Amino acid sequence: MLEWEGVSLGYHRTGRKIFEEFSLTVEDSTVLLGPTGSGKSTLLASIVGILPEVNGIIRIGQRPVGRGGAAGRQWASYVPGANLLPRELTVSEYLTEIGRLDGMSSASSRRHAQAVAERLQLTESLRVRMRAVSCATKRKTLIAAAVLKPAEWLLVDEPTSGLDPEGQRLVLTLLQAESRHRGVLVATRQVAETAVFPDRLLLLHDGQIIFDGPCPRLAEGAQGHVFRVPQKAVGEAPSDRWWQPMPGGEIKIYRQACPPSAIGIEPTVEDGYFWALLNVESKPDLERAATDSPEGPVEAMTSTNDPPYREKISHGQ
Amino acid sequence: MVNNPLSPLVQVRRLTYQPRGTGRARAMPVTECSFMVHAGFTAVIGPNGAGKTTLLKLMAGLYRPHRGSIRTVPDHRALTRQVAYVPQFPGAYPTLTPRGFLFRLAVWNGSDRFQATSRIQTALALMGLEAVADRPGRTLDPAQRRQLALAAVWVQHALVVLFDEPTATLDPVHRLAFWQDLFRWSHQPDSPQAYLIASHRLDEVEAHCDRVLVLEHGRIRYQGTVQSLAECAAGLVYWSPERVYDREEAMILEHYWSVGPRFAVLSERRPVPPTWTPRPPTPWDGYVVTLRGRRQ
């Protein structure tokens, strides 16, 4: 179990607090989804004590991670977002050394390294020095090294950055398999990856959890708010940010109510993600508009004889 | 305006590039690639090191092909003058303002000065760069540099635009913004007609692209519409109520995504277990079948 209790986190350099009085409990394997800068990496890093300023209590399996995160580092295995690896070691040397440092015997560390390298199809580059390998191999090496450590929790920041589709599948399959005997917390900005652990998804936005539940429920949240506008009716592109082009010149829009000449469609998880962000980001505008004129925003959001879909969704932007 | 997506614009014939030497900077080889570029959005996908970047750079004229030709259809002219290339991380000249940069680019590409000025104004407005139009290039942040690269493409009057992994480092909202820009832009008069986009995200290919080129080991493995790529896996894809961990059969795949309690399976196993039910194939399935079919 991972627990954050009344945690405030921030960086010295900017002085900006990313999390204020943040509380969260994660029992089982979970995906942490959020846009760039929402605090996903910070949350992961807070367990292993990389961040200087922490107020509040962070626990890993009932034990506080302590100052500097010593306990966190002992009980969790962490894959950072950046591929920082010793340039002069070969992939195999690196993996074996990591095993040795975690207390394995030299033979067993070599055996384990070999096994995990095979699962990630790294065997061809085992003898290559890190300075000469591609960023995809580096990513896989880092993940392999983290998996080698028999820690209670596996914390992975952006598991598939720089990987090709086959590599993405290998890594995500490995993480799924790992989740059978330990907790895995994946931080990602790719909506497609939420399906690794579809049972729990946390959506993070600006240091706040804005959605917590199983992955399909995020899609359900957008039910009745996603519409397809046929090519003939498209005309000019909408002026707000909440639409996307579809193949064949059609567009998909996110609205409170169905605009004329649009057709409702079944939302995907990604649509659910956009709908959730739209609601959070347009809330301040709505509140401001509500104080200006009581009916204004409500009308804009719900009326059926809608303004044309290309108009902004809320007033006051 | 993106016109009929069926009409081919560019024909690439037996394109080959075999760089000599070794080392990190060596480009991946491309062998005997023949394909048509159609109007609309075409995704270029393939494993790491398949030669996607080399192919785009060959088409952009940054590398000189060892064999083969790239010709426009139907007038059989060389493509080099009508193509624009946007790298993954576009740069900006540190001391040149975006407006100055675009102006020089337009004039070098043969526009007359008055036309260039108005076209640049439109491009800056379209890409939301008006606020920084007269600041030196070194002050632009990466997002603005990307917008500038897009504006530059538009100013060049290109027929074909090549993007090398434009969205790899972006989160979904920024990725959406990129596709919105492309859409808006492709609806402007006198805009490029074909867009070649290298990508690793098959969900994105499915959501936005019309056609797809699959590249592996420098060779074209598949070309066609996204829909027909998916259909390569027809008859092999199922929903399974439980997870399938079968490492012995090469064609069994545990997909990493699932909907509710179902797991997507791609399998050649016969007979099919009675609990499995057929499902519609996705481009991902088609991609896997295309690449694995060759390997065996």
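The structure presented is a predicted model; accordingly, all values stated were derived computationally and were not measured. (Residues numbered from 1 in each chain as written. Chains lettered and ligands numbered in written order. Predicted model: local features only at pLDDT ≥ 70, side-chain atom pairs only at ≥ 80, totals over all residues. Heavy atoms only, no water.)

### Some details on the confidence of the model for chain B
All names here are of chain B.
Argument step 1. Per-chain confidence: chain B averages 82 in pLDDT, with 88% of residues scoring 70 or above.
Argument step 2. Per-residue pLDDT, averaged within each element of chain B, yields its smallest value for strand β11 (residues 253-259) (44) and its largest for strand β8 (residues 211-216) (93).
Argument step 3. Low pLDDT, under 50, characterises residues 247-258; the stretch is placed with 54 contacts to residues that sit more than four places away or in other chains.
Argument step 4. Reported for the predicted complex are a pTM of 0.82 and an ipTM of 0.78. (pLDDT = per-residue confidence, 0-100. Helix = DSSP H or I, 4+ residues; strand = E, 2+ residues; numbered from the N terminus. Contact = heavy atoms within 4.5 Å.)

### A short note on the confidence of the model for chain A
Argument step 1. When pLDDT is averaged along chain A, the result is 82, and 87% of the positions lie at 70 or above.
Argument step 2. Across residues 293-317 of chain A, confidence stays below pLDDT 50; counting only partners more than four residues off in sequence or on other chains, it has 51 contacts.

### With respect to the pattern of salt bridges
Pairing between side chains of opposite charge can happen when the charged atoms of each approach one another.
Argument step 1. Evaluation of the coordinates by the stated rule reveals 22 salt bridges over all chains.
Argument step 2. The salt bridge involving R201 of chain B is made with E193 of chain A; its shortest N-O contact spans 3.4 Å. A residue pair is termed interchain when its members come from two chains, as with R201 of chain B in the loop between β7 (194-198) and α6 (202-208) and E193 of chain A in the loop between β8 (183-188) and β9 (201-205).
Argument step 3. By relative accessible area, which is 10% here, R201 of chain B ends up buried.
Argument step 4. A residue is classified by how much of its surface remains accessible, and E193 of chain A, at 2% relative accessible area, is buried.
Argument step 5. As a salt-bridge pair, E281 of chain A and R241 of chain A come within 2.5 Å of each other at their nearest N and O atoms. In this pair, E281 of chain A is assigned in helix α9 (residues 269-292) and R241 of chain A in the loop between α8 (231-234) and β12 (243-245), connecting sequence segments 40 residues apart.
Argument step 6. Each of E3, E5 and R59 of chain A takes part in salt bridges that share partners, so that together they form one network. (Salt bridge = Lys/Arg side-chain N within 4 Å of Asp/Glu carboxyl O. Buried < 20%, exposed > 50% of the residue type's maximum accessible area, 1.4 Å probe, protein only.)

### Digging into the environment of W153 of chain A
Residues and elements named next belong to chain A.
Argument step 1. Looking at the secondary structure, you find W153 in strand β7 (residues 153-157).
Argument step 2. Along the sequence, W153 and S29 sit 124 residues apart, while their C-alpha atoms lie 8.9 Å from each other.
Argument step 3. Residues within four places of W153 in sequence aside, it is in contact with M1, L2, V26, E27, D28, I60, W75, A76, S77, G183, V184 and L185.

### Side note on unusual backbone geometry
Residues and elements named next belong to chain A.
Argument step 1. With a phi angle near 70°, Q62 is a residue other than glycine that sits in the positive phi range.
Argument step 2. Residue classification places Q62 among the exposed residues on the basis of a relative accessible area of 55%.
Argument step 3. For S261, which is not a glycine, the phi torsion comes out positive at approximately 65°.
Argument step 4. Of note, S261 is situated in the loop between β13 (251-254) and β14 (263-264).
Argument step 5. S261 sits in the partly exposed class, given a relative accessible area of 48%.

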